[in-house]
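Commentary on secondary and tertiary structure
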Amino acid sequence: IDIQPPISVNYRYFGGYVQDDIKVNQKLTFNLGIRYEMETGRGERYNRLSYFDEFATNPLGPRVGIPGLRGGLRFVGVEGNGIRQKQTNQNNWGPRFGFAYQLNARTVVRGGYGLFFLPNTGDGAGPANANEGFTAVTQFVSSLDGGITPLNRLSNPFPNGVLRGPGSSQGLLTQLGQNLTTARYADRPAYAQAWNFNIQRELPHNFLFDVAWAANKGTSLPINLEINQIADQYLALGSQLLAQVPNPFREFVSVGGLSQPTVARGQLLRPFPQYTGVLQRDVRTGSSIYHSLQLKLEHRFSHGFSVLSAFTAAKQIGTPLSHAVVADPGFQNNNQRNLDRSLAGFDVARRVILSGTWELPLGKGKSLLGAAHGPLQVVVGGWQINGVVTLQGGFPLGVTTASNQTNSFGGGSRPNNNGTSAQLPDGQRTLDRWFNTSVFSQPATFTFGNTARTLPDVRTPGPTNFDFSLTKNTRINERFNTQFRAEFFNGFNHANFGSPGNALGNANFGVISSALDP
């Protein structure tokens, strides 16, 4: 049961820039500029926001026999805290540089660089707005020993009542025993550096060829981070982590697993054992790097015909991001996040776009039936065909396990790989067996799998699409025109299939059982 009051958030943004275009001579031009911007963290009209202080000394420690107990919620606008959920960064300088140089009458070279800061707007937004203390989640606890012995039952699922947020009144003792979704106050600014180098060449017969190298490097990008995972060395305790021991927090927690007489030993080994989980959203410590080769050939509209073809070869590497456009497996081990740097889940290695327009040479003033008049002119004139073809490679596949047996109290689980690629030759790959599932196995209990976050050579099916339209313009007089238009999306009804099952232990592992919108 979730109790989440609506909140009224606000940000303050200030920005300014200086820019100048310098024309050195008829062939060379520079574009120079610098931008400064400052954006506050999120505020709320009634100060109903909080953040997690990892270094605060929790006053509960001496009362439960843990003198060094750390961690707790801080609330904006009280006890000397500022009114913003994140600190304001005041060193956001973004330089800009560009140039254009005309090698000769038909060739131009261009390039540029810029540093761009990511807005704070949207960080931590959504169903969980990092306003812990004002929200409350009461969880149904079915068992304390992994489902062996039933505890609460559906007939009385919440015997101790339903939690409601106490606000800021309890300070660092707020929501003890609960699973927190919160923010980090001392966060860094996220930014991207983008640069490109481009050559354009005009060719005979109204063709233009363009080749470019475009790159982007993201720094301090937002990620979701579980900071209450046990340290890796404790996994060596094996089954002792699950052994039930006396619960020192029982007296201070009314609902959930930490309200029971006993608790798993692993819970007490967490960095913040007074909570069952501490997920910090949009912590700015992620990274990415992108490089691409981009080719473009354009035939400008002439004689009723134009075409544009574009090809991109690219590679994107990085850490899991909290706002990725394609589902990206998160961190397996929050203590060793550097091991999860791999191909991004939204990496596209190859992409081709072909588009064109053809004004049919029929009717008045055209090469065919140009002498037509009257009703025949109305029928044959004004026809045009347009088309767009999209050919794209798939996204890298990330595999997981249906059962998380790491017992890491916060980490994820991936399979072990036997050192062999899971890629199947084209002739052997089918919808029922998209990759070789036999190279994966369930990791031993209390260990992490050795498979990368995304597979380097197994991808989902890439979309192939043919969209086209047929139009006819009929001029009535100088002021009025009628248009008949028929559009066909995925005109050849080509099947674009979804992703294969990616969880080892599920029956659909390696099986494609869905299609994208037709």
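Structure shown above.
Figured I'd write up the structure that's included with this text.

Time to look at the packing of aromatic side chains. Summed over the entire model, instances satisfying the criterion amount to 16 aromatic pairs. Here the aromatic rings of Phe52 and Tyr275 are separated by 5.8 Å at their centres, their planes lie at 80°, and the arrangement is edge-to-face. Taken together, the residues span a long stretch of sequence, with Phe52 in strand 6 (residues 50–57) and Tyr275 in the loop between helix 2 (265–268) and strand 16 (277–302) at a distance of 223 residues. For the pair Phe52 and Tyr275, a shared accessibility class is recorded, and that class is buried.

This next bit is on unusual backbone geometry. For His205, which is not glycine, the phi torsion reads 60° and is therefore positive. Here His205 is to be found in the loop between strand 12 (191–203) and strand 13 (207–226). The phi torsion at Asn493 lies on the positive side, around 55°, for a residue other than glycine. Considering the arrangement of structural elements, one finds Asn493 in the loop between strand 25 (481–488) and strand 26 (503–504).

Once that is clear, we can look at the pattern of salt bridges. This structure, assessed with the given rule, holds nine salt bridges. Across the pair Arg414 and Asp340 runs a salt bridge whose closest N-O atoms are separated by 2.7 Å. You can see Arg414 sitting in the loop between strand 21 (400–401) and strand 22 (416–417) and its partner Asp340 sitting in the loop between strand 17 (305–318) and strand 18 (342–343), a full 74 residues away along the chain. For Arg414, a relative accessible area of 2% puts it in the buried group. Of the charged contacts, one joins Arg429 and Asp426 as a salt bridge, the two residues approaching to 3.0 Å between their closest N and O atoms. By relative accessible area, Arg429 is classed as partly exposed at 28%.

Cut-offs applied
Residues numbered from 1 in each chain as written. Predicted model: local features only at pLDDT ≥ 70, side-chain atom pairs only at ≥ 80, totals over all residues. Heavy atoms only, no water. Phe/Tyr/Trp six-rings, centres within 6.5 Å; stacked < 30°, edge-to-face > 60°. Helix = DSSP H or I, 4+ residues; strand = E, 2+ residues; numbered from the N terminus. Buried < 20%, exposed > 50% of the residue type's maximum accessible area, 1.4 Å probe, protein only. Salt bridge = Lys/Arg side-chain N within 4 Å of Asp/Glu carboxyl O.

Read these as geometric descriptors, not functional statements.
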